[in-house]
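Coordinates in review
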Amino acid sequence: MSSKSFMTRAWLVVGLLWVVAMLNYLDRFTITTMRDSIKADIAMTDAQFGLLTSLLLWVYAICSPAAGYLAASTNVLLMAIAGLAVFGLASGFSDANMMPILCQVVNPRYRATATA
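Residues numbered from 1 in each chain as written. Predicted model: local features only at pLDDT ≥ 70, side-chain atom pairs only at ≥ 80, totals over all residues. Heavy atoms only, no water.

Attention shifts here to the overall build of the protein chain. The helix and strand inventory of the protein chain stands at six helices and zero strands. The order of helices and strands in the protein chain, counted from the N terminus, is α-α-α-α-α-α. Residues classed as buried in the protein chain amount to 27% of the 116 residues present. Of the roughly 8000 Å² of accessible surface on the protein chain, 73% is carried by carbon and sulfur atoms. (Helix = DSSP H or I, 4+ residues; strand = E, 2+ residues; numbered from the N terminus. Buried < 20%, exposed > 50% of the residue type's maximum accessible area, 1.4 Å probe, protein only. Areas by Shrake-Rupley, 256 points an atom, 1.4 Å probe, with all protein chains shown as cover.)

Here the focus is the nonpolar core. Ranked by size, the top nonpolar core spans seven residues in total: I31, I38, I42, M44, F49, L52 and L56. With three residues, the single largest contributor to this core is helix α4 (residues 46-73). Excluding residues within four positions of it along the chain, F49 makes contact with I31, T32, R35, I38, K39 and M44. (Core = buried A, V, L, I, M, F, W, Y, C linked by side-chain atoms within 4.5 Å. Contact = heavy atoms within 4.5 Å.)

Turning our eyes to something else, we now look at the pattern of salt bridges. Applying the stated rule across the entire model yields three salt bridges. D36 serves as the salt-bridge partner of R35, at 3.2 Å between the closest nitrogen and oxygen. A relative accessible area of 56% places D36 in the exposed class. With its nearest N and O atoms 2.3 Å apart, the salt bridge here joins K39 to D46. Take K39: its relative accessible area is 22%, and that puts it in the partly exposed class. (Salt bridge = Lys/Arg side-chain N within 4 Å of Asp/Glu carboxyl O.)

Mean pLDDT over the protein chain works out to 76, with 76% of the residues at or above the 70 mark. Ranking the helices and strands of the protein chain by mean pLDDT puts helix α1 (residues 3-26) first, with 86, and helix α6 (residues 99-115) last, with 55. Counted against residues more than four places away or in other chains, residues 112-116, with its pLDDT under 50, gives 13 contacts. (pLDDT = per-residue confidence, 0-100.)

Tracing the backbone shows T53 in helix α4. For T53, a relative accessible area of 15% translates into the label buried. Polar side-chain contacts of T53 include one of 2.9 Å to the backbone oxygen of G50. (Polar contact = N/O pair within 3.5 Å; in protein donor to acceptor, adjacent residues only side chain to side chain.)

Right under this line is the structure:
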């Protein structure tokens, strides 16, 4: 492989990783950008919405390091499957109005296991 070909591929990988990282961080803020729509569909005060967004970040902060450690110390494929199973079970116990919120709260848990 030539040096130019290697550098081209290396920058392609850097670019793809940048896009993935950007999408990974942007989805954490989706719930705050949808504030008016969520408050219109689910009757809640500003304080309750603030609690909801705080809950999302606390769940992410607590679960991500633990899930990352488990994924690094065990089989990553099994962790990804287990994370998707948890997400599937959790979504089965929610109604349609709570699904977007549940996706934001549960999503970091399985994403951390699948990408660690």
